[in-house]
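Structure assessment
Each chain, letter by letter, is given below.
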Amino acid sequence: MKILGRNKLITPVIIQTLKTNPLIIALIAFVVMFSVLTPTRFLTPLNFSSILRLFVTYTLFALGPTIVVVIGSLDLSYVGIWMLGGVLLWLLMPILGMLSILVYPLLGLATGLLIGVIQVKAKIPSFILTLSLLVTFAGLAAWLAGGVPRPVREYAFITAPLIPRLPTAFLWSIPIIIAAVFIMKRTRIGTYLYAIGSNEEGAGLAGINVDKYKILAFTLSGLFTGIGLIILFQHLGGSAPVELKLGNLVWPLAAIVLGGTPLVGGSGGPHRTALGALTLAVATQGLYLMILLPEVVALLLGLLLVAAIVVGTRGLKGVTIT
Amino acid sequence: MKQVAGHIRINVTTVGPMVAVIAIIAGFQAINPRFLSYHGIVALVNNMSIYLIAACGLTFVIMTGSFDFSVVSILRLAALLCALNIDKLGLLVIPLVLLISVGFGFINGLLVAKLNVPSFMATLGVSFAIDGVGLYLVGRRLFIMGGERAETFMALATTRIAGLPSVFYWAMGIWIISTFIAMCTPFGRRTYALGGNPIGTGLSGINVERHRIYVFMLSGFLTGLAGALFMAWQGGGSMEIGKNMPVPLFASVVAGGTALTGGVGGPHRTLLGVMIITWSEVGMRMLALPDYIIMVFFGLIAIGMSIATIDRRRIKIIK
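Here's a quick rundown of the structure. Note that the structure is predicted; figures quoted are calculated from it, not measured.

From N to C terminus, chain A includes 14 helices and 0 strands. Along chain A, helices and strands appear, N-terminal first, in the series α-α-α-α-α-α-α-α-α-α-α-α-α-α. At 20 Å, chain A has a C-alpha radius of gyration in line with the 20 Å of a compact globule built from 322 residues. In terms of its C-alpha atoms, chain A occupies a principal-axis envelope of roughly 70 × 55 × 40 Å. In chain A, of all internal contacts separated by at least 6 residues, the share reaching a separation of at least 24 is 77%. Put simply, chain A shows about 14,000 Å² of open surface, and 72% of that area lies on carbon and sulfur atoms. Positive and negative side-chain charges in chain A, numbering 20 and 7 respectively, have mean positions lying 16 Å apart.

This is the structure we're talking about:
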């Protein structure tokens, strides 16, 4: 009887969770599918730590932009901050020493603030603005670096292994994820941003200073990207690329959309992005472990992305599209 | 005099690009006397042709207030399909790639109009899938066309007429037709109406969803044509085709004065925008400036012209 009683309570909770996060089913399906297809390669500790590494990359890039997607805009500047910051770090290293890693959060903050102010005052669609800024940053980075990546070796301790098999970057990313979820779910800022995302005009009429909070959203996005990059810089090899690649841009966005933060804004959030990043990491890693041509993997991932976008924007009838 | 000043102030997005084109020509000519020599002009004309065709397609999409990110991917795939199949199919390859490009445009339109996916994300996703197809077909190889059939195909774009390559005449012809479509046909007027006020357009009895799909198909068609002519003009290529194209292409549409909010501008303006972007690129390359400085320049132009063209009186909320 006791067990039955517990079941009565637990089952609805599970069903409710699965209803609100259908992605969990997809995640389990992916894990089962790859475990069956390639059991000897997929179910290994090495593979799980690779998945966690990918997860860290996707999540830390996607956390900041998620906040902007919640208000219904887009922020593509993260790759630009990564590239330009890496070069600035290399330039500042002889002058500031170990402190120069702070260039990432500061650059992120400044970029976010700049995007926010231009977007709110000049009213340009945010994806065009951030895309153009990204190209400008990429050009500046290549200019300052002289066209070749500049590695910085002093920060290897950030990702030095602490627990065997568990990437240290994963441990560092946990407090950042918690901070983002806390801001969006437990503070007034988060509530206001969700309100702006679901109905900007209404939020303004309700007395929220929409412009201020939109600038704040972009600033937070830049800041989270900057903080995440402190870890990612070393995690991704201790140097930043100086050549712009579309692939670097797409996968964090895919994690956001797959996680279930609709691009029209108003719902979703960082917790969903983390789940989306995990699913994407499992899918990517699983596909690479199957013996397929790399071209086929690219094609399948592209189709997965389209499917995620279509599923992620389902049920948005009557919304103005841009 | 006062009237003229007032007119210029109101029509800054019309007058601005013309002034910019003259300034670019004068500036580069002053620095580099070979800018307007015969070979210089051929280089200018060569570089602007492909851009102009693709940008005309993109202009129609931007006129409706949407965005097409897949232009460069469709162009690349169309060009590579031409190179792959020219030996088997001969000139029949052109209708084939046009059909495929229109098909991708149709998918874009379907995602945007029927499934309500924001056009930026929809076309980005589609462009990724297209690149996957391209990689599957081509891999990392470089294709150089050769043989009798390839010669006829390449003659389409490289024959000299009055000293200029025929790809230029193709581009000008397509530009004139695009302008005619935008200005003088119901299709064009509907496109303007759709960009200006989608809800009002729907209420006045126009099938908005279907028209959006048509516009994306037109963009796919022109892009496919640009891809085929690109291959005929270059005679070879790999997956690297158009790697640096997305931002300059988009910048050339807004630099001409087509606002991202839709309903304003048109293909006739895109000609000036393409001149600004590609001619300054050629000028900077003639001065042997490195790629990344050109990138910074394009990024700043894109931001600046986006700010300048948007009609702030009309819009209240912008995402």
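Attention shifts here to the overall build of chain B. Helix and strand counts for chain B come out as 14 helices and 4 strands. Over its C-alpha trace chain B gives a radius of gyration of 20 Å, about what one expects of a compact globule, namely 20 Å for 319 residues. The dimensions of chain B, computed from C-alpha atoms along their principal axes, are 60 × 50 × 35 Å. Among the 319 residues that make up chain B, the fraction classed as buried is 59%. For chain B, the share of sequence-separated contacts (at least 6 apart) that also reach a separation of at least 24 residues comes to 78%. When the accessible area of chain B is evaluated, it comes to approximately 13,100 Å², of which 68% is carbon and sulfur surface. Mean positive and mean negative side-chain charge positions of chain B (22 and 10 charges, respectively) differ by 14 Å.

Turning our attention to the packing of helix H12 (residues 246-256) of chain B against helix H13 (residues 267-286) of chain B. All names here are of chain B. The interhelical angle for the contact between H12 and H13, taken along N-to-C directions, is 125°, at an axis separation of 7 Å. By the angle between their axes, H12 is oblique relative to H13. The two elements H12 and H13 meet at a crossing, and its hand is right-handed. On the side of H12, the interface is formed by Pro248, Ala251, Ser252, Val253, Ala255 and Gly256, while H13 contributes Arg269, Thr270, Gly273, Val274, Ile276 and Ile277. Of the residues assigned to the contact of H12 with H13, the class counts are 7 nonpolar, 4 polar and 1 charged.

Basis of the calculations
Within each chain, residue numbers correspond to sequence positions counted from 1 in written order. As a convention, the first chain written is A and the first ligand written is 1, with the rest following in written order. For this predicted model, a pLDDT threshold of at least 70 governs which residues receive local features, and a threshold of 80 or more governs which side-chain atom pairs are given and counted, while totals over whole chains, interfaces and linings are taken from all residues. Hydrogens and water molecules were not included; the side-chain quantities draw on all heavy atoms of the structure. Numbering goes from the N terminus for both helices and strands, where a helix is a DSSP run of H or I of at least four residues and a strand is a run of E of at least two. Radius of gyration means the value over C-alpha atoms here, while the globule rule gives 2.2 Å times the residue count to the 0.38 power. Any two residues having at least one pair of non-hydrogen atoms within 4.5 Å are treated as being in contact. Exposure was quantified through the Shrake-Rupley algorithm and a 1.4 Å probe, taking into account, for residues, occlusion by the shown protein chains and nothing else. In this charge count, Lys and Arg are treated as positive and Asp and Glu as negative; neither His nor the chain ends contribute. Positions of charges follow a simple convention, taking NZ of Lys, CZ of Arg, CG of Asp or CD of Glu. Note on classification: 1.4 Å probe, protein chains only; a residue is buried when its accessible area is under 20% of the maximum for its type, exposed when over 50%, partly exposed between these limits. Under this scheme, a helix contributes an axis fitted over its contacting stretch, all axes are lines through C-alpha atoms, and angles between N-to-C directions fall in the 0 to 180 degree range. Should an angle fall under 35 degrees it is taken as roughly parallel, and over 145 as roughly antiparallel, whereas 65 to 115 is taken as roughly perpendicular and any remaining angle as oblique. Crossing handedness: left-handed means the near helix sits turned counterclockwise from the far one by under a right angle, and right-handed means the same turn made clockwise. Residues were grouped as follows: Ala, Val, Leu, Ile, Met, Phe, Trp, Tyr, Cys and Pro as nonpolar; Asp, Glu, Lys and Arg as charged; and all remaining residues, including Gly, as polar.

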